[in-house]
Amino acid sequence: MQTNPDQTLYQWLEVHAQYRPDAPALISTEHVITYGELDAKVRKLATGLADIGIGRGDVVAAQLPNCPEFIIAFLATAARGAIFQTLHMPYRSHELSHLLGHGNAKVVVALNTFKDINPVQEILGLLPDLATLETVISVGQSTKGALSFADLTSVKADPAAINDTQPDDNYLLLYTSGTTASPKGVPHSYRGFLGNSWEISRQLQFGGDDRILSLAPFSHLYGLMIVHMALATGSANVLIPAFNPPTLVADLKTHKPTAIFAAPAHFAPFIAKGGMAPEMFEQTRLVCLSGSTVAPKLARNVDELLPRGKVIQLWGMSELQAGAYGRPKDTLASRTETTGKASPGAKLRVVDGGGVQQGPETEGALEIRGPSVFAGYLNNPQETDNSFTNDGWFKTGDLAIIAADGDLRLTGRTKEIINRGGVKYNPVDVELLLAEMPQIQACTIVPLPDKTLGEKACLCVELQADQTLELADVVAFLNDRKIAKYKLPERLEIFTTLPLTPTRKVMRGQLISSLTQNKG
């Protein structure tokens, strides 16, 4: 028996637990958990959640890495008919207070120890100020004032703890990444996300023998989509708690993933230093790059590492999961230079400043409509109204070009346009060129206020080890490539590391704020 797109998350788990109980569901360095074992653990935690009063519509938040406890908590929350809210691991009390309060979380599941902090203890400190938060569940050592995850998963499973859920029920609460503004709450029903994941997993030909590795955090829509696709097809999730460059090569050799989902920043340092070889990917048939703009050269370099595989790209958002993606059968140019074609059932268009749809090969603001698109932001009707057209298209905030054959090429963000003396331009094409400079590890271009021209472009750079760079070097490099002079950066700032969101997107808003406050 197979899953179908009209089921719910726990129903997918039930299918595999009943018909393939001995198949691996979760693979980590420590152990393998089969689908039968995963179902048993989920039933126990669902019972534990019922015992503390979690029921239909309640919000259970989790601040966990890519570990078995994350997936067990996710599925047990779904089994109770509750809503799962994800929290990125780097968030501290300042961010958590806002997100938990806005999401009306009733329970938080968190690690007792993460690097040099105790997330459980920090969340316990927020209890007096959060009206809905009642319980903190500790993963790891016991903490006074918190319940133990191990204890909750040691109870006898009660069949009555599994609620009857429907495809149109809300089950997930994500928050936008907040690279330029405060995060917004994004609720989702099963039908939208599960249907989209089910279709994608079929087009990418996943099956029970696949071992899927996400280098993106499960707390983000991209990583969470991989969890969905594995459950849709009975594949195994390979669990690496966090991206760790010193151990990644060993992890790849040990786990031999058949598919890898990553951001460009995960591969770029290894490509630059020659730290990866084809023998590491002998069983890998697919690498997907997403999360930020992918330089075509990087995509081609990754593709060349795959003896039996193909690189593809994917475009998605918290508001819609995956809106477009490449297929392995696509041409090399399509897979390395575009994010592929629309997801099944989705429609894409680009419009000009007046909302008029543009033809093929014309840049415009990207809009989408389709079954995976959310209905509106949580408790934010004004932002919802501003984000949809009168005829129901979602305004993504991206700039794009759609080719005649349907391939989507992202060209920037509407909020990242630089207006230099009335001449507006998109810096992404310049960024992609600069990524080829041997001195540069990572870079982004941001607008800074200028009294005369309104805005000027500032190039923010993270250098390769033992490299130096001057603005004159940058200008000479771009002049050799015949870039228009108004697009040349007029300021260079070098950072030890560029500030990144937990999903490894450059925090442009933070850069602009810090550079504006420290004028040079």
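Refer to the preceding data block for the structure.
The present account deals with the structure reproduced in this document. (Residues numbered from 1 in each chain as written. Predicted model: local features only at pLDDT ≥ 70, side-chain atom pairs only at ≥ 80, totals over all residues. Heavy atoms only, no water.)

**Some points on the overall build of the chain**
Here's step 1: Broken down by element type, the chain carries 16 helices and 25 strands.
Here's step 2: The C-alpha atoms of the chain give 23 Å as radius of gyration, which agrees with the globular expectation for 520 residues (24 Å, within 12%).
Here's step 3: Along the first, second and third principal axes, the C-alpha atoms of the chain reach 70 × 50 × 50 Å.
Here's step 4: Within the chain, buried positions represent 55% of all 520 residues.
Here's step 5: The long-range fraction of contacts in the chain, counting pairs at least 24 apart against all pairs at least 6 apart in sequence, stands at 66%.
Here's step 6: Carbon and sulfur atoms make up 49% of the accessible area of the chain, which totals about 21,600 Å². (Helix = DSSP H or I, 4+ residues; strand = E, 2+ residues; numbered from the N terminus. Rg over C-alpha atoms; globule rule 2.2 N^0.38 Å. Buried < 20%, exposed > 50% of the residue type's maximum accessible area, 1.4 Å probe, protein only. Contact = heavy atoms within 4.5 Å. Areas by Shrake-Rupley, 256 points an atom, 1.4 Å probe, with all protein chains shown as cover.)

**Quick notes on the nonpolar core**
Here's step 1: In terms of nonpolar packing, the biggest core is built from 73 residues, with Leu9, Leu38, Phe70, Phe74, Trp315 and Phe394 touching the most fellow members.
Here's step 2: The greatest single-element share of this core, amounting to nine residues, is contributed by helix α3 (residues 68-79).
Here's step 3: If sequence neighbours within four positions are ignored, Leu38 has contacts with Leu13, Ala25, Leu26, Ile33, Ile72 and Leu75.
Here's step 4: Membership of the second largest hydrophobic core comes to 24 residues, among which are Leu248, Ile260, Leu289 and Ala299. (Core = buried A, V, L, I, M, F, W, Y, C linked by side-chain atoms within 4.5 Å.)

**What about the sheet that holds strand β19 (residues 394-402)?**
Here's step 1: The four strands are arranged β17-β18-β19-β20 in an open sheet whose pairing can be described as antiparallel. Of all the strands in the sheet, just β17 (347-351) and β20 (408-413) have a single pairing partner and so form its edges. Sheet twist, expressed as the mean angle between neighbouring strand axes with direction ignored, is 50°.
Here's step 2: Bridge count for β17 against strand β18 (residues 364-369) is five bridges, and the pairing is antiparallel. Residue Val350 lies in a different strand from β18, and its bridge partner there is Leu366. (Pairing = 2+ DSSP bridges. Axes fitted to C-alpha atoms, helices over the stretch in contact; angles between N-to-C directions.)

**Description of the packing of helix α10 (residues 264-273) against helix α11 (residues 296-304)**
Here's step 1: It is at 10 Å that the axes of α10 and α11 come closest, and there the two elements cross at 75°. Judged on the interaxial angle alone, α11 and α10 are roughly perpendicular. Within the contact between the two elements, α10 uses Pro264, Phe267, Ala268 and Ile271 and α11 uses Leu298, Asn301 and Val302.
Here's step 2: Partitioned by chemical class, the residues of the contact of α10 with α11 number six nonpolar, one polar and no charged. (Parallel < 35°, antiparallel > 145°, perpendicular 65-115°, else oblique. Nonpolar A, V, L, I, M, F, W, Y, C, P; charged D, E, K, R; others polar.)

**A closer look at the state of the cysteines**
Here's step 1: A full pass over the atoms with the stated rule returns zero disulfides.
Here's step 2: Here Cys458 is not disulfide-linked; the sulfur of Cys460 is the nearest cysteine sulfur, at 4.1 Å.
Here's step 3: Classification of Cys460 as buried rests on a relative accessible area of 0%. (Disulfide = S-S within 2.5 Å.)

**So, the pattern of salt bridges**
Here's step 1: Scanning the model with the defined rule gives 19 salt bridges in all.
Here's step 2: Of the charged contacts in the structure, one is a salt bridge between Arg43 and Glu14, with a shortest N-O distance of 3.8 Å. Of this pair, Arg43 sits in helix α2 (residues 35-51) while Glu14 sits in helix α1 (residues 9-19), placing them 29 residues apart in sequence.
Here's step 3: Accessibility expressed as a relative area gives 31% for Glu14, which makes it partly exposed.
Here's step 4: When the shortest N-O distance is used, the salt bridge between Lys329 and Asp330 registers 4.0 Å.
Here's step 5: Each of Arg420, Asp450, Lys456 and Glu490 takes part in salt bridges that share partners, so that together they form one network. (Salt bridge = Lys/Arg side-chain N within 4 Å of Asp/Glu carboxyl O.)

**Thoughts on the sheet that holds strand β14 (residues 310-317)**
Here's step 1: Pairing is mixed across the open sheet formed by nine strands, whose spatial order is β2-β1-β11-β10-β12-β13-β14-β15-β16. With one partner strand each, in any of the chains shown, β2 (32-34) and β16 (341-342) form the two edges of the open sheet.
Here's step 2: In this sheet, strand β15 (residues 321-325) lies alongside β14 in antiparallel orientation, the contact comprising four bridges. For Leu314, the partnering residue across the bridge sits in β15 and is Tyr325.
Here's step 3: Strands β12 (259-262) and β13 (286-289) of the sheet are contacted by α10, whose axis makes an angle of about 100° with β12.
Here's step 4: Sitting on the sheet, α11 touches β13 and β14, and the angle it makes with β14 is about 135°.

**Thoughts on the packing of aromatic side chains**
Here's step 1: Inspection of every chain in the model, using the stated rule, returns 13 aromatic pairs.
Here's step 2: Arranged with centres 4.3 Å apart and planes meeting at 15°, the rings of Tyr171 and Tyr190 form a pair that is stacked. Taken together, the residues span a long stretch of sequence, with Tyr171 in strand β8 (residues 170-175) and Tyr190 in helix α7 (residues 190-203) at a distance of 19 residues.
Here's step 3: The exposure class of Tyr171 is buried, given its relative accessible area of 1%.
Here's step 4: Geometrically, the ring pair formed by Phe374 and Phe394 is edge-to-face, given 5.5 Å between the ring centres and 85° between the ring planes. Placement of the pair is Phe374 in the loop between β18 and α13 (381-387) and Phe394 in strand β19, with a sequence separation of 20 residues. In this structure, Phe374 and Phe394 share a single accessibility class: buried. (Phe/Tyr/Trp six-rings, centres within 6.5 Å; stacked < 30°, edge-to-face > 60°.)

**What about the side chain of Gln321?**
Here's step 1: With respect to the helices and strands, Gln321 occurs in strand β15.
Here's step 2: In terms of polar contacts, Gln321 uses its side chain to reach the backbone carbonyl oxygen of Phe193, at 3.5 Å.
Here's step 3: Among the polar contacts made by the side chain of Gln321, one reaches the side chain of Ser197 at a distance of 2.9 Å. (Polar contact = N/O pair within 3.5 Å; in protein donor to acceptor, adjacent residues only side chain to side chain.)

**Section: the pairing of strand β6 (residues 135-139)**
Put simply, side chains in a regular strand alternate between the two faces of the sheet.
Here's step 1: Most of β6 sits inside the fold, with five of its five residues counted as buried.
Here's step 2: Where burial is concerned, the two faces of β6 agree: the one with Thr135, Ile137 and Val139 and the one with Val136 and Ser138 are both buried.
Here's step 3: Alignment of strand β5 (residues 105-111) against β6, held across five bridges, turns out to be parallel. Directly across from Val109, in β6, lies its bridge partner Ile137.
Here's step 4: Handedness of the crossover joining β5 and β6 through helix α5 (residues 119-124) is recorded here as right-handed.
Here's step 5: Sheet analysis places β6 next to strand β7 (residues 147-148), joined by two bridges and oriented parallel. In the strand pairing of β7, Ser138 is matched with Ser148. (Right-handed = clockwise from strand over helix to strand, strands pointing away.)

**Quick look at the pairing of strand β3 (residues 59-63)**
Here's step 1: For β3, the tally of buried residues reaches five of five residues, placing the bulk of the element in the interior.
Here's step 2: The pairing of β3 with strand β4 (residues 83-86) spans four bridges and is classified as parallel. Following the sheet pairing, Val60 is matched in β4 by Phe84.
Here's step 3: In terms of handedness, the path from β3 via α3 over to β4 forms a crossover that is right-handed.
Here's step 4: For β3 and β5, the ladder comprises five bridges, and the chain directions are parallel. When the bridges of β5 are listed, Gln63 appears paired with Ala110.

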